[in-house]
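# Observations on the model geometry
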Amino acid sequence: MSRTSRAAVRVTTVIGAAAALAACTSTAPPSGGDAAGGGPIAVTAADASCDVAAAEAPAGKITFSVRNTGSKITEFYLYGTGDRIMGEVENIGPGLTRDLIVEVPDGGSYTTACKPGMVGDGIRAPFTVTGSATRSVDENTRLAEATTGYHRWVTSQIEALVPKTQEFVDAVKAGDVETAKALFPVARTYWERIEPVAESFGDIDPKIDGREDDERDAGVQFTGYHRLEKDLWVDGLQADSPAMADQLMADIRDLQSRTATVELTPVQLANGAKELLDEVATGKITGEEDRYSHTDLWDFKANVEGSQGAVASLRPVIDEKDPTLGPVLDERFAAVDALLEEYRVGDGYRLYTELTDEDKRRMAEAVDALGEPVSQVAGVVTS
Ligand SMILES: [Cu+2]
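Residues numbered from 1 in each chain as written. Predicted model: local features only at pLDDT ≥ 70, side-chain atom pairs only at ≥ 80, totals over all residues. Heavy atoms only, no water.

With respect to topology, four strands assemble into an open sheet ordered 2-1-4-7, the strand pairing being mixed. Each of the sheet's edge strands pairs with one partner strand only, and the pair in question is strand 2 (50–52) and strand 7 (97–104). Adjacent strand axes in the sheet meet at a mean angle of 20°, parallel and antiparallel pairs treated alike. By the bridge criterion, eight bridges tie strand 4 (residues 60–68) to strand 7 in an arrangement that is antiparallel. The residue of strand 7 that forms the bridge with K61 is E103. (Pairing = 2+ DSSP bridges. Helix = DSSP H or I, 4+ residues; strand = E, 2+ residues; numbered from the N terminus. Axes fitted to C-alpha atoms, helices over the stretch in contact; angles between N-to-C directions.)

This is how it looks when you write it as structure tokens:
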């Protein structure tokens, strides 16, 4: 789960994901253009203000160019009804500018938000989308194939996630701590590969992958993989561990049934690919995600594979639109893979606690170098 998601768990619907699922398969080239005047909408994000240059844009592709003039790392979101995330851009350091490209097919009321310090509900403002964008699934067969192919891949991951998590859950319920510990990072691999899809459903991700220190509404419990991780590694199995295990399984099955009918757009795939790398940077290289088991490198690898899966589905479109980008992506993914191989131990990886600062520095550098071309994918596929 991403830092962002965790920060916003309290608002119930959050999601680090690429964008919420628009009510369509908007595989047509974006028809709305960029904002009212045509260009990107400038957003000036300071520590206590969030100035969005336009409060309205036509439906279709909307680009926000977010400049952080403050002193804290910030994020920018576009929310739909019920805080459904249409798109977000994370980790914008002071002085930096990053673009958020989002496809909004339906006109209506939306909300923009800057989150200086990456916490809380953010500095919000209403944003209106006018008209509606053309939806023509068949217009671009390559894009349609990309989303179909990715959906197939996600389905295959879920088909492995369900039985692996069941084995993990069974081990917890049987009180077999050693087996459960061994299965924990394995089951999570399938989860971490497809997390942006799960995050797009909002409420599932906090239940499955929330952390103990997440903000929660009163009465909402700390559940999911990390709660069981804490039991297994720190507290020992608790009276309610079996119930927690059952709850995790129920939430995973809920994910499975919702994923069956989900429709994803090419922009969501592209943004999800970048999201996963942001997750690596903020959750894994920091050792924050698996703080009790220290199995962060398993998740690291899975996030990279998930990013690669989404990029791979889009590859024919990327090659058609910008033939220079694909080879750069190949090279950077290969570099990250090669680096991670250095930390392999058997079927797994070295524990986070065994990494030196130099190891972490090299990982951060490789992930940054990969993030750069991956962040171009959304723009290329919608060009
Ligand atoms: Cu996660």
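When the terminal C-alpha atoms of helix 3 (residues 177–193) are compared, their 25 Å separation across 17 residues agrees well with the 24 Å that a helix rising 1.5 Å per residue should span. All buried positions along helix 3 are accounted for by A180, L183, F184, P185, A187, R188, T189, Y190, W191, E192 and R193. (Expected span 1.5 Å × (residues − 1). Buried < 20%, exposed > 50% of the residue type's maximum accessible area, 1.4 Å probe, protein only.)

The relative placement of two packed helices comes down to the angle between their axes together with the axis-to-axis distance. Where helix 2 (residues 141–173) contacts helix 9 (residues 296–321), the axes come no closer than 9 Å and their chain directions differ by 165°. Accordingly, the angle class assigned to the pair helix 2 and helix 9 is roughly antiparallel. When the axes of helix 2 and helix 9 are compared, the crossing they make is right-handed. Seen from helix 2, the contacting residues are R142, L143, A146, G149, Y150 and W153; seen from helix 9, they are E305, G306, G309, A310, S313, L314, P316, V317 and E320. Partitioning the contact of helix 2 with helix 9 into residue classes produces eight nonpolar, four polar and three charged. (Parallel < 35°, antiparallel > 145°, perpendicular 65-115°, else oblique. Left-handed = near helix turned anticlockwise from the far one by under 90°. Contact = heavy atoms within 4.5 Å. Nonpolar A, V, L, I, M, F, W, Y, C, P; charged D, E, K, R; others polar.)

For the rest of this paragraph, the subject is the nonpolar core. Judged by nonpolar contacts, the single largest core of 69 residues is most densely connected at F168, Y225, L255 and F300. Element by element, the count of residues in this core is highest for helix 2, at eleven residues. Beyond its immediate stretch of four places on either side in the chain, F300 contacts V280, K284, I285, V336, L340, M363 and V367. In this structure, I41, V66, V102 and V104 belong to the second largest nonpolar core, which totals 22 residues. (Core = buried A, V, L, I, M, F, W, Y, C linked by side-chain atoms within 4.5 Å.)

On to the packing of helix 2 against helix 6 (residues 225–235), then. Two numbers describe how helix 2 lies on helix 6: the axes approach to 12 Å, and their chain directions differ by 35°. Handedness of the crossing formed by helix 2 with helix 6: left-handed. For the pair formed by helix 2 and helix 6, the contact residues are L161, T165, F168 and V172 on the first element and Y225, L228 and L232 on the second. For the contact of helix 2 with helix 6, the per-class residue count stands at six nonpolar, one polar and no charged.

Two aromatic rings are characterised by how far apart their centres lie and by the angle between their planes. As enumerated under the stated definition, the model contains ten aromatic pairs in all. The interplanar angle of 55° and the centroid separation of 5.9 Å between the aromatic rings of F168 and F184 together place this pair among those described as tilted. Of this pair, F168 sits in helix 2 while F184 is found in helix 3, placing the two residues 16 residues apart along the sequence. Each of the two residues, F168 as well as F184, counts as buried. Taken together, a centroid distance of 5.9 Å and an interplanar angle of 85° make the contact between W298 and Y349 edge-to-face. With a gap of 51 residues between them, W298 in helix 9 and Y349 in strand 11 (residues 348–349) connect regions that are remote in the sequence. Here W298 and Y349 have matching classes, each one buried. Here the aromatic residues F168, F184, W191, Y225 and W233 are joined through ring pairs into a cluster of three or more. One residue, K115, lies across the ring of Y77, its end atom 4.0 Å from the ring centre. (Phe/Tyr/Trp six-rings, centres within 6.5 Å; stacked < 30°, edge-to-face > 60°. Lys NZ or Arg CZ within 6 Å of the ring centre and 35° of its normal.)

Here we take up the state of the cysteines. Taken as a whole and assessed by the stated rule, the structure comprises one disulfide. Linked covalently through their sulfurs, C50 and C114 form a disulfide whose S-S length is 2.0 Å. An S-S torsion of about 60° defines the bridge between C50 and C114 as right-handed. You can see C50 sitting in strand 2 and its partner C114 sitting in strand 8 (residues 106–114), a full 64 residues away along the chain. The pair C50 / C114 is uniform in exposure class, with both members buried. (Disulfide = S-S within 2.5 Å.)

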